[in-house]
Amino acid sequence: MASQKDSTTIDRLDECAQAINVAKIRADFPILGTAHRGKPLVYLDNAATSQTPRQVVDSIQDYYYTKNANVHRGVHHLSQVATDVYESSRNKIAQFIGAHVGCEIIFTKGTTEAINLVAQTYGRKHIGKGDEILVSHMEHHSNIVPWQMLCEETGGTLKVVPIDDHGDMIMEEFDTLLSERTKLVSIVHVSNALGTVNPVEEIIEKAHALGVPVLLDGAQSAAHMPVDVKALDVDFYACSAHKMYGPTGMGILYGKATLLEEMPPFHGGGDMILSVTFEKTVFNTLPYKFEAGTPHIAGVVALGATVDYLNTIGMDKIAAYEAALLDYGTQALQQVEGVKLIGTAKNKAGVLSFTMESAHPHDIGQILDDHGVAIRTGHHCAQPVMQHFGVAATARASLAMYNTREEIDALIVALEDVNKVFA
Amino acid sequence: MSDSRALYEQVILDHNKKPRNFKKLEGADHSVEGFNPLCGDHFTVHLNLDGDTLTEITFEGSGCAISKSSASVMTTVLKGKTRAEAEALFEQFHAMITADPDAPVDDEALGKLRVFAGVREFPVRIKCATLAWHALHSALTSDDNAVSTEE
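Because the structure is predicted, anything quoted here is derived from the model rather than measured. (Residues numbered from 1 in each chain as written. Chains lettered and ligands numbered in written order. Predicted model: local features only at pLDDT ≥ 70, side-chain atom pairs only at ≥ 80, totals over all residues.)

**Here's the deal with the overall build of chain A**
(1) Moving on: For chain A, the helix and strand inventory stands at 15 helices and 17 strands.
(2) Moving on: Looking at chain A as a whole, 50% of its 423 residues are labelled buried.
(3) Moving on: The contacts of chain A with a sequence gap of at least 6 include a subset with a gap of at least 24, amounting to 72%. (Helix = DSSP H or I, 4+ residues; strand = E, 2+ residues; numbered from the N terminus. Buried ≥ 20, exposed ≤ 12 C-beta atoms within 10 Å, placed from the backbone. Contact = placed C-beta atoms within 7 Å.)

Shown next as structure tokens:
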């Protein structure tokens, strides 16, 4: 099979693999050396969650063994140590996505909470009866439901930009739907179900021309391409650490300071106040206004270590390698009988969503599991996408920087087996 | 954990490929839908009763090999059975597929249904194997309400 792929693709893949030293990266991820069902693990479920390198896990241990104290509180030395490592992580993360100042980075549980934060604060304040929020047909449920809940409450309306049969947003429709009634555009940067990379520069420029702020759901972009929120001039950007080789339960919301300043707080509690009396509470400054309660300090430290790790490899090189791997995987999949790719956008990230004539996605996933190949099957929390393509579910292989050509070949062998079992 | 060859018995693969009684039953006494929203499986079970006896049972819809073959096998074993017999069989079937993988299977009571014993090793597939049965249960016991695996 591999021999039938065009040699330029393979050459470029090997070149990119050398550029980031995939073998060295793999050695940093202990789980990639484990076996499942007696077969070496081939982990292709990275859009669901990515694996974590030793350096990041070590940072968590180091934090708890040598630096653990509550932040922003104690006069004792250890509290200062914890606060320093917490705030220096915030700055690292800010730099990683191109934000100039740390106070524009709000720590959350993940992308979902970050979007809910914007809906419940910015949204409640600015989106009322007759106002519209613009999303696309390819959104994850986490960029649909918070807006529906908001609209239910405030009388706003959710407008949906349709997609075409490749999984590209129809920009003419976007142009038509974007109007003076639009109060926010909230769009996925990279689709988790299709891999589509949306033309976010164009979207932001057009929205800003009408004075409309833009939120990007960056859950699937942060770890796979360089992101520069200042260059994009995006107003809000949300992502999750666990899809970036970092810890679970940790994410960020980037917001322009000018917007965050005038937004009401999200949760009330400790750390988000300057002073409290029963008559009046004065809220804290950014970013603390949005960080009530003791934060996930170890998670923040670990995300800082994750960013350090990614910086040593280089996001440009990671993106180039994953693009080459996607090309190879796309060609390989198309040679398997009965495979139909769902999501063939012009600009795609490392997501291979597909169906097979011989088997239901659930059964594909089951047989692949026998081969140690881990993929996701189902609707990927994007049921409107499934409805658009007229399928109940897809099988999805999603790539990361540590995946290899050999792993794609293992996927293909497993898919050939699916065809044999369900012949 | 075991290989999924234990799951995909030849009989199951055969019923998946050539489902029996796979059609709409016009004017059926009962028609009940079953959904599994997580994987999108969706079947409708139709049946006719003569007094207490299932005189006709068919199904339609789509889903994975386990849910489809289970619905198909179900229709073949239930035709001619009474309500009580059908309910008893569902109980035995359910008990079998949720039992410990090493527990003995009552071949005599379960008959053809024993081919689903492999499901015991794959707990996430229990919902697939029981989807049509839950729809049947709804049709026999009461209300003909659609059933969902996630309620």
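Moving on, there is more to tell.
**Points about the overall build of chain B**
(1) Moving on: Across its full length, chain B carries 5 helices and 4 strands.
(2) Moving on: Here chain B has a C-alpha radius of gyration of 14 Å; the compact-globule value for 151 residues is 15 Å, and the two agree.
(3) Moving on: Considered along the principal axes of its C-alpha atoms, chain B spans approximately 45 × 35 × 30 Å.
(4) Moving on: Among the 151 residues that make up chain B, the fraction classed as buried is 43%.
(5) Moving on: The contacts in chain B between residues at least 6 apart in sequence include a share of 62% that link residues at least 24 apart. (Rg over C-alpha atoms; globule rule 2.2 N^0.38 Å.)

**Some points on the sheet that holds strand 1 (residues 30-36) of chain B**
Note: strands within a sheet are paired through backbone hydrogen bonds, in either parallel or antiparallel orientation.
All names here are of chain B.
(1) Moving on: With mixed pairing, 4 strands are arranged side by side in an open sheet as 3-2-1-4. Single-partner strands in this sheet number two, and they are strand 3 (53-62) and strand 4 (147-148).
(2) Moving on: The pairing of strand 1 with strand 2 (residues 41-50) spans 7 bridges and is classified as antiparallel. Within the sheet, the bridge partner assigned to Glu-33 lies in strand 2 and is Thr-44.
(3) Moving on: Running at roughly 165° to strand 3, helix 2 (residues 65-78) makes contact with strand 2 and strand 3 of the sheet. (Pairing = 2+ DSSP bridges. Axes fitted to C-alpha atoms, helices over the stretch in contact; angles between N-to-C directions.)

**A few points about helix 3 (residues 54-67) of chain A**
All names here are of chain A.
(1) Moving on: Along its 14 residues, helix 3 runs 19 Å from first to last C-alpha, staying within 8% of the 20 Å computed at 1.5 Å per residue.
(2) Moving on: Within helix 3, the full set of buried residues consists of Val-56, Ser-59 and Tyr-63. Projected onto a plane normal to the axis of helix 3, the buried residues spread over an arc of 45° and lie on a single side. Across helix 3 from its buried face, at more than 90 degrees, point the exposed residues Arg-54, Asp-58, Gln-61, Tyr-64, Tyr-65 and Thr-66. (Expected span 1.5 Å × (residues − 1). Arc of directions from axis to C-beta.)

**Here we look at the interface of chain A and chain B**
(1) Moving on: With 16 residues of chain A at the contact, the number on the chain B side is 13 residues.
(2) Moving on: Considering every element that reaches the side of chain A that touches chain B, the biggest residue donor is helix 13 (residues 361-370) of chain A, with 6 residues.

**Details of the domain arrangement of chain A**
Residues and elements named next belong to chain A.
(1) Moving on: Along its sequence, chain A is carved into domain 1 (2-49 + 314-421) and domain 2 (56-312).
(2) Moving on: Using only C-alpha atoms to locate each centre, domain 1 and domain 2 end up separated by 28 Å.
(3) Moving on: Of all the secondary-structure elements, those providing two or more residues to the side of domain 1 that touches domain 2 are helix 12 (315-334), strand 14 (351-356) and helix 14 (383-389).
(4) Moving on: Ranked by the residues each element gives to the side of domain 1 that touches domain 2, the list is headed by helix 12, at 5 residues.
(5) Moving on: Partitioning the side of domain 1 that touches domain 2 into residue classes produces 12 nonpolar, 8 polar and 4 charged. (Domains from an automatic or database assignment. Nonpolar A, V, L, I, M, F, W, Y, C, P; charged D, E, K, R; others polar.)

**Remarks on the pairing of strand 10 (residues 251-255) of chain A**
Residue and element names in this part refer to chain A.
(1) Moving on: Of all 5 residues making up strand 10, 5 are buried, and the element is well covered by its neighbours.
(2) Moving on: The alternating pattern of strand 10 places Gly-251, Leu-253 and Gly-255 on one face and Ile-252 and Tyr-254 on the opposite face, and all of these are buried.
(3) Moving on: Two strands pair when backbone bridges link them, and strand 4 (residues 105-108) and strand 10 are joined in this way by 4 bridges, in the antiparallel orientation. Among the inter-strand pairings, Ile-105 is bridged to a residue of strand 10, identified as Tyr-254.

**As for the sheet that holds strand 17 (residues 394-398) of chain A**
Residues and elements named next belong to chain A.
(1) Moving on: With antiparallel pairing, 4 strands are arranged side by side in an open sheet as 13-14-17-16. Either end of the sheet is taken by a strand with one partner, and the two such strands are strand 13 (339-341) and strand 16 (376-378). Neighbour-to-neighbour, the strand axes of this sheet turn through a mean angle of 30°, independent of strand direction.
(2) Moving on: The pairing of strand 14 with strand 17 spans 4 bridges and is antiparallel. Counterpart to Phe-354 in the pairing with strand 17 is Ala-395.
(3) Moving on: Lying over the sheet, helix 12 contacts strand 13, strand 14 and strand 17, oriented at roughly 5° with respect to strand 14.

**With respect to the pairing of strand 2 of chain B**
(1) Moving on: Taken together, strand 1 of chain B and the strand that follows it, strand 2 of chain B, pair antiparallel across an intervening segment of 4 residues, in which Gly-40 of chain B is found at a positive phi of about 80°.
(2) Moving on: Counting the residues between successive antiparallel strands, the hairpin from strand 2 of chain B to strand 3 of chain B contains 2 residues, one of them, Gly-51 of chain B, with a positive phi of roughly 65°.

**Some thoughts on the packing of helix 13 of chain A against helix 15 (residues 405-421) of chain A**
All names here are of chain A.
(1) Moving on: For the pair helix 13 and helix 15, the least separation of the axes is 9 Å and the interaxial angle reads 120°. As summarised for this structure, helix 13 and helix 15 are arranged oblique, according to the angle between their axes. The interaxial crossing formed by helix 13 with helix 15 has right-handed handedness. Where helix 13 abuts helix 15, its residues Ile-364, Ile-367 and Leu-368 lie against Ala-414, Asp-417, Val-418 and Val-421.
(2) Moving on: Classifying every residue of the contact of helix 13 with helix 15 by side-chain character gives 6 nonpolar, no polar and 1 charged. (Parallel < 35°, antiparallel > 145°, perpendicular 65-115°, else oblique. Left-handed = near helix turned anticlockwise from the far one by under 90°.)

**Describing the environment of Phe-93 of chain B**
Residue and element names in this part refer to chain B.
(1) Moving on: In this fold, Phe-93 is placed in helix 3 (residues 83-97).
(2) Moving on: Here Phe-93 falls in the buried class, since 23 other C-beta atoms lie within 10 Å of it.
(3) Moving on: Distance from Phe-93 to Ala-6, taken between C-alpha atoms, is 17 Å for residues 87 residues apart in sequence.
(4) Moving on: Ignoring any residue separated from it by four or fewer positions in sequence, one finds Phe-93 in contact with Leu-110, Leu-113 and Trp-133.

**Overview of the packing of helix 5 (residues 111-126) of chain A against helix 6 (residues 145-154) of chain A**
Residues and elements named next belong to chain A.
(1) Moving on: Where helix 5 meets helix 6, the closest approach of the two axes is 9 Å, and the angle between their N-to-C directions is 25°. The angle between the axes of helix 5 and helix 6 places the two elements in the roughly parallel class. Pair helix 5 / helix 6 crosses with right-handed handedness. Contact with helix 5, carried on its side by Ile-115, Asn-116, Ala-119, Gly-123 and Arg-124, involves Pro-146, Trp-147, Met-149, Leu-150 and Thr-154 of helix 6 and no other residues of that element.
(2) Moving on: A class-by-class count of the residues in the contact of helix 5 with helix 6 yields 6 nonpolar, 3 polar and 1 charged.

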